[in-house]
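Now for the letters of each chain:
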Amino acid sequence: MSRSPRAPAAHPPPPPTPPGGAPPGTLPAVVAASRAVYAAIDLVDATVAGQLGVHRSDLRCLNLLEHGPRTPSEIGAALGLTSGAVTALLDRLERAGFARRVRAATDRRSVRVELPPAAYARVGRLYGTIAQAISAAFDGLAAEEVAATTRGLARFAEGCRAGVARLTADPAR
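What you are looking at is a predicted structure, and each value in this text was computed from that prediction instead of being measured.

Of regular secondary structure, the protein chain possesses six helices and two strands. Ordered by position in the sequence, the α and β elements of the protein chain form the string α-α-α-α-β-β-α-α. Out of the 173 residues belonging to the protein chain, those deemed buried represent 18%. Taking contacts inside the protein chain between residues at least 6 apart in sequence as the whole, the part at least 24 apart equals 42%. Carbon and sulfur atoms form 61% of the exposed surface of the protein chain, whose accessible area is close to 12,600 Å².

What follows deals with the pairing of strand β2 (residues 111-114). Covered by surrounding structure in β2 are Val111 and Val113 only, the residues Arg112 and Glu114 on the alternate face being uncovered. As defined by bridge partners, strand β1 (residues 100-103) adjoins β2 across four bridges and the pair is classed as antiparallel. Bridge pairing in β2 links Val102 to Arg112.

What follows deals with helix α1 (residues 26-52). Residue pairs spaced three or four apart in an α-helix point in one direction, given the helix's 3.6 residues per turn. The terminal C-alpha atoms of α1 lie 39 Å apart, and with 27 residues this matches the ideal 39 Å at 1.5 Å per residue to within 8%. When α1 is considered as a whole, its buried residues turn out to be Ser34, Val44, Asp45, Val48, Ala49 and Leu52. Contact partners of the buried residues in α1: α2 (56-65), α5 (117-138) and α6 (143-169). Once α1 finishes, Gly53 follows within two positions and takes phi at roughly 75 degrees, a positive value.

Take Asp58: it is sitting in helix α2. The exposure class assigned to Asp58 is buried, which follows from its relative accessible area of 2%. Each C-alpha atom of the pair Asp58 and Val86 lies 9.5 Å from the other, and the pair is 28 residues apart in sequence.

The next subject is the packing of α2 against helix α3 (residues 72-79). A pair of packed helices is captured by two measures, namely the crossing angle of their axes and the spacing between those axes. In the contact formed by α2 and α3, the axes pass within 11 Å of each other and the chain directions differ by 120 degrees. Accordingly, the angle class assigned to the pair α2 and α3 is oblique. The handedness of the crossing between α2 and α3 comes out as right-handed. Across from Ser57, Arg60, Cys61, Leu64 and Leu65 in α2, the residues of α3 making contact are Ile75, Ala78 and Leu79. By residue class, the composition of the contact of α2 with α3 is six nonpolar, one polar and one charged.

Criteria and thresholds
Residues numbered from 1 in each chain as written. Predicted model: local features only at pLDDT ≥ 70, side-chain atom pairs only at ≥ 80, totals over all residues. Heavy atoms only, no water. Helix = DSSP H or I, 4+ residues; strand = E, 2+ residues; numbered from the N terminus. Buried < 20%, exposed > 50% of the residue type's maximum accessible area, 1.4 Å probe, protein only. Contact = heavy atoms within 4.5 Å. Areas by Shrake-Rupley, 256 points an atom, 1.4 Å probe, with all protein chains shown as cover. Pairing = 2+ DSSP bridges. Expected span 1.5 Å × (residues − 1). Axes fitted to C-alpha atoms, helices over the stretch in contact; angles between N-to-C directions. Parallel < 35°, antiparallel > 145°, perpendicular 65-115°, else oblique. Left-handed = near helix turned anticlockwise from the far one by under 90°. Nonpolar A, V, L, I, M, F, W, Y, C, P; charged D, E, K, R; others polar.

Remember that the coordinates give geometry; whether it matters functionally is a separate question.
Below is the structure:
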C-alpha cells in the first residue's frame with residue numbers, strides 16, 4: 001500500500017502589521033539578528049587584529065585613520081581614551097608601521113596621525129576578503145531585499161544611538 005505524500009502543514013497568516021509599526025514579535029527577532037551581527041563583527045575584528053599583530057583598540061584607531069588623518073585628541077575622543085593611552089597606542093602603531101605622526105607645516109606643535117599607504121593596503125586586503133564574503137552572502141537577493149536590509153541596518157544604528165543618548169541623558173536608568 002503506498003502512502004500519499006503529506007500535505008505541508010498550513011501556516012497561519014502573519015498578524016497584520018500595525019499602522020506605522022513592525023509586526024508583533026518582530027523586535028525579539030531583530031535583537032537576536034543584531035546580536036549575531038555583533039558577534040560576527042567581533043570575530044572579524046579579533047581575526048583582523050590578530051593577523052595584523054595589533055591590539056583591538058589599535059585596530060579601532062586604524063579604522064578611524066582609514067577615513068583620513070586625525071589629531072591625537074580626536075582619536076582619544078572617538079575611542080574614549082585618555083591622552084596617555086592615546087600616546088601609548090600611537091607609539092605601538094608607529095613601531096609596527098601602521099601609523100605616522102606628521103607635524104603641521106604652519107605650527108610644529110600641531111600633530112596629525114595618518115595611515116601610511118602600505119599599512120592602508122595591508123589592512124584593506126584583510127577587510128577586502130571579508131567584504132567579498134559579505135557580498136557573496138547577499139548574492140541572489142533581489143535589489144529590494146538588499147535595499148530593505150540596508151534601511152533596516154541604518155534604522156538599527158539610529159536606534160542604538162538614540163538609546164545611548166537616553167542613557168547618557170539619564171544615567172540612573
